[in-house]
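Spelled out, the chains give:
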Amino acid sequence: MVDLHQYIDIIYSSPRFHDRERHDFAIVQTTNGCIFAQLLFLFSCSVADRIFTICLVRPLDAPIRTPPIKDRDLGLCRVRARANTEFIFARSILRGAPLVQDFNKAGDYLVMDVVDHTGDLFLRCHEIFPR
């Protein structure tokens with residue numbers, strides 16, 4: 001969103017990344033707009049001499065009926081995991097996204113939109129979460 005240059009954004013999904021399970025988060029383009037999702041599994045398949053990379057993701061777009069007042073006061077963006085998973089094409093991933101689990105509420109995550117040095121994630125959050 002910030003400029004027209006392409007950047008490399010490495011995201012992981014591994015059952016044993018340095019002896020620990022790791023499933024990174026990303027912003028995904030869907031037919032209804034952008035959402036956050038957790039990358040669970042990647043694989044490739046070949047169809048008619050074309051290779052497609054497919055991802056199993058857990059969408060983080062479950063509705064949050066009443067967000068905590070402290071989220072609004074502090075300008076935090078909260079997302080909630082859905083119970084189901086979905087398959088997407090890897091090319092629909094726009095960028096990786098740093099999210100932190102809210103340990104007070106299982107399945108809730110807070111977007112760390114201030115750690116991006118380009119400002120791209122900050123701008124995308126304002127697009128996804130209109131205030």
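What you are looking at is a predicted structure, and each value in this text was computed from that prediction instead of being measured. Sequence order as written defines the numbering, with residues in each chain counted from 1. Only residues with pLDDT of at least 70 get local features here, since the model is predicted, and only at 80 or more are side-chain atom pairs given and counted; chain-wide, interface and lining totals rely on the full set of residues. Side-chain calculation: all heavy atoms of the structure are included, whereas hydrogens and water are not.

### Topic: the overall build of the chain
Point 1. Under the scheme used here, helices are H or I runs from DSSP no shorter than 4 residues and strands are E runs no shorter than 2 residues, and both carry numbers assigned from the N terminus. The helix and strand tally for the chain stands at 2 helices and 10 strands.
Point 2. Listing every helix and strand of the chain by position from the N terminus yields β-β-β-β-β-α-β-β-β-β-β-α.
Point 3. Each residue's exposure class comes from its accessible area (1.4 Å probe, protein chains only) as a fraction of the maximum for that residue type: buried when under 20%, exposed when over 50%, partly exposed otherwise. Buried residues in the chain amount to 33% of all 131 residues.
Point 4. Pairs at least 24 apart in sequence give 53% of the contacts found in the chain among residues at least 6 apart.
Point 5. Surface accessibility in these figures is a Shrake-Rupley result with a 1.4 Å probe; residues are shielded only by whichever protein chains are displayed. Carbon and sulfur atoms provide 56% of the accessible area of the chain, an area that totals close to 9,200 Å². The contact criterion used is simple: two residues touch if any of their non-hydrogen atoms lie within 4.5 Å.

### Some details on the confidence of the model for the chain
Point 1. Per-residue confidence from the predictor is reported as pLDDT, which spans 0 to 100. For the chain, per-residue confidence averages 83 on the pLDDT scale, and residues scoring 70 or more make up 86% of the total.
Point 2. Within the chain, no element has a lower average pLDDT than helix α2 (residues 120-128), which sits at 72, and none a higher one than strand β7 (residues 86-89), at 95.

### What to know about unusual backbone geometry
The phi torsion of most residues other than glycine is negative, and most of the peptide bonds are trans.
Point 1. With a phi angle near 50°, A48 is a residue other than glycine that sits in the positive phi range.
Point 2. By secondary structure assignment, the location of A48 is in the loop between β4 (33-47) and β5 (50-59).
Point 3. The exposure class of A48 is exposed, given its relative accessible area of 71%.
Point 4. One non-glycine residue, D49, adopts positive backbone phi at about 65°.
Point 5. Relative to the assigned elements, D49 resides in the loop between β4 and β5.

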